[in-house]
Amino acid sequence: MSGKWFTVGKIVNTHGLRGELKVLSQTDFGDLRFAVGNKLVMIHEEHGTKLEVEIAGSREHKGNYIIKLKGYNDINEVEKYKGWLLKVAEEQLGKLDDGEYYFHEIIGCRVVTDEGEELGTISEILRPGANDVWVVDRPKGKGSQVLIPVIDEVLLNVDIATKTVTVHLMEGLI
């Protein structure tokens, strides 16, 4: 198992007695990533232990996913995986439609306004509801952070190749 790996979820708890796991999704494509038959890798970050697993069952539950892994049928078999990350290999990512981006492509992008002002660098993606919000860390001395709503009126251009995002600042954003 080599190459680049991307986190799609974190196992936060067990669910019930039959070996199901509660997963905090960290992907826009939870229904795809946690689909029955899909293979993922569970990684314990501290020890570096890796384990390839197959999804045997999955459902959305209160903004998280409840997943069942093939071959695990008891809470005692899965309890030790709390805190482990679920990852997918880069070659399994798949192509996105125009205007769609993976989190890892957006985080680290420079943000500039349509007037040429450099706002800072995207450090985080929030998912509060109707639209995503990109958290922009400001350069030293310019304040703390700017929250950019990912809506057509604000987001003008995303250039993944140059890691640059161009935005239009609507009144009240800064």
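Caption draft 1: Structural detail: the environment of Val 88. Summarising the element assignment, Val 88 is placed in strand E6 (residues 85-89). For Val 88, a relative accessible area of 1% gives the class buried. Along the backbone, Val 88 and Val 8 are 80 residues apart, and their C-alpha atoms lie at a distance of 6.8 Å.

Caption draft 2: Here's a closer look at the sheet that holds strand E7 (residues 110-113). Taken together, six strands build an open sheet; the order of strands is E10-E9-E8-E7-E12-E11 and the sheet is mixed. If you trace the sheet from one side to the other, it starts and ends with strand E10 (145-149) and strand E11 (155-159), each paired once. In this sheet, neighbouring strand axes are inclined to one another by 35° on average, regardless of whether the strands run parallel or antiparallel. Sheet topology places strand E9 (residues 133-137) next to E10; five bridges connect them, and they run antiparallel. Along E10, the bridge assignment pairs Trp 134 with Ile 148.

Caption draft 3: Structural detail: the side chain of Arg 138. Mapped onto the fold, Arg 138 is located in the loop between E9 and E10. Glu 117 provides the closest opposite charge to the buried, salt-bridge-free Arg 138, at an N-O distance of 4.0 Å. Looking at Arg 138, its side chain comes within polar contact range of the main-chain oxygen of Leu 119, at 3.0 Å. Once you skip the residues sitting within four places of it in the chain, Arg 138 turns out to touch Glu 117, Glu 118, Leu 119, Gly 120, Gly 143, Ser 144, Gln 145 and Val 146.

Thresholds applied
Residues numbered from 1 in each chain as written. Predicted model: local features only at pLDDT ≥ 70, side-chain atom pairs only at ≥ 80, totals over all residues. Heavy atoms only, no water. Helix = DSSP H or I, 4+ residues; strand = E, 2+ residues; numbered from the N terminus. Buried < 20%, exposed > 50% of the residue type's maximum accessible area, 1.4 Å probe, protein only. Pairing = 2+ DSSP bridges. Axes fitted to C-alpha atoms, helices over the stretch in contact; angles between N-to-C directions. Lys, Arg positive; Asp, Glu negative; His and termini not counted. Salt bridge = Lys/Arg side-chain N within 4 Å of Asp/Glu carboxyl O. Polar contact = N/O pair within 3.5 Å; in protein donor to acceptor, adjacent residues only side chain to side chain. Contact = heavy atoms within 4.5 Å.

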